[in-house]
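Observations on the model geometry
Each chain, written out:
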Amino acid sequence: RILPHRRKLLALSALLIVLILLPLPRNSTRYIQFSVGDADAAVLLDQDMTIVIDTGEDGVEIASYLHHQRRRVDAMFITHLHTDHALGIMAFLNQGVPVDVCYLPADAEVPVIDEEALPVLAALRESGTEIRYLSRGDTVEIPSGVLTVLWPMADHVRPQHDANDVSLVLQADIAGVTMLLTGDLSGMHAAYCALPSDILKAPHHGSKVANSAELLDAVQPQLILQSNRLESRSLHLAELAGDIPLINTDEHGAAIIHFTGHGQFTVETGK
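A few points on the structure. (Residues numbered from 1 in each chain as written. Predicted model: local features only at pLDDT ≥ 70, side-chain atom pairs only at ≥ 80, totals over all residues. Heavy atoms only, no water.)

Notes on helix H2 (residues 60–68)
- Among all positions of H2, only Ile62, Ala63 and Leu66 are buried. Down the axis of H2, the smallest arc covering the buried residues is 95°, so these residues share one side.
- Contacts from the buried residues of H2 go to strand S2 (41–46), strand S3 (49–55), strand S4 (73–77) and helix H4 (89–94).
- In the segment just after H2, Arg70 is the residue with positive phi, at about 55°. (Buried < 20%, exposed > 50% of the residue type's maximum accessible area, 1.4 Å probe, protein only. Helix = DSSP H or I, 4+ residues; strand = E, 2+ residues; numbered from the N terminus. Arc of directions from axis to C-beta. Contact = heavy atoms within 4.5 Å.)

A word on unusual backbone geometry
- Note the cis peptide between Trp151 and Pro152, where omega equals 10°.
- Structurally, the position occupied by Pro152 is in the loop between strand S8 (145–151) and strand S9 (169–174).
- The residue Ala175 is not glycine, and still its phi comes out positive at about 50°.
- Looking at the element boundaries, Ala175 is found in the loop between S9 and strand S10 (177–181).

As for the pairing of S3
- Where burial is concerned, most of S3 is hidden: seven out of the seven residues are buried.
- Taking the residues between adjacent antiparallel strands as the criterion, S2 and S3 are bridged by two residues, where Gln47 takes a positive phi near 55°.
- Where S3 lies against S4, three bridges are found, and the strand directions are parallel. Its bridge partner being in S4, Ile53 is matched across the sheet by Phe77. (Pairing = 2+ DSSP bridges.)

What to know about the nonpolar core
- Counting 31 residues, the largest nonpolar core has Leu66, Met76, Leu81 and Phe92 as its most contacted members.
- Secondary structure elements with two or more residues in this core: S2, H2, S4, H4, strand S5 (99–105) and helix H5 (117–126).
- Per-element accounting of this core gives the leading share, four residues, to H5.
- Non-local contacts of Leu81, meaning those with residues more than four positions away in its chain, are made with Ala86, Leu104, Ala108, Glu109, Ile113, Asp114, Ala117, Leu118 and Leu121.
- Counting 30 residues, the second largest nonpolar core, distinct from the first, contains Leu147, Val177, Leu225 and Ala255. (Core = buried A, V, L, I, M, F, W, Y, C linked by side-chain atoms within 4.5 Å.)

Structure, rendered in structure tokens:
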């Protein structure tokens, strides 16, 4: 015979199990730039859609976060096939986080890339993930807006290019807020993508060759995000930014941007 207090404990345990298995509330929109040193890993959680923009080198932090949130990846964008942006794909496979579609820049395998990224990409494809390629003018719809591809140009990728030169660049319109997500775009091509945007993810971790006063003048951001641990790059970008708020994820921890609607956003950091 089950005693009354035991019956209550069993009922409570059953309720807790149900609550654990229920999906978490997904009625908000936020962007997280993870703190992964000189690498890029970010996720956009737009209501019930999960978008990953680069995975970092080991991918453990971002994959673990999504595993804990019980989210599958609807769309993964790998800006280019350098290990500090793409090698973390393996963590998604190891932790069983499904990825429906992986987007790459047009002819992503053609320029000078890190060859270590190719087996990881092949493993992702073998897991059942669809691979698609994007070039300037393509768009991907999201619940709160649209992602527009600014770079690379179709049919302009050559074997002599460094992968940074043809890095995937997105302008994201999220609940009326514009973000310029630049991957590792080099300075020589920045003019093609320097559209006015509320938030700028500094190209190439804030390097001097990719970030200039001209770039910031053209973009006019209200906030700059930088993923970098090199002091020289941090000082360079801080000098350029002037009064523009600058968050370096290595110094401040993960940057979390909450989109509150009507073109408004708030930001907090992980430290």
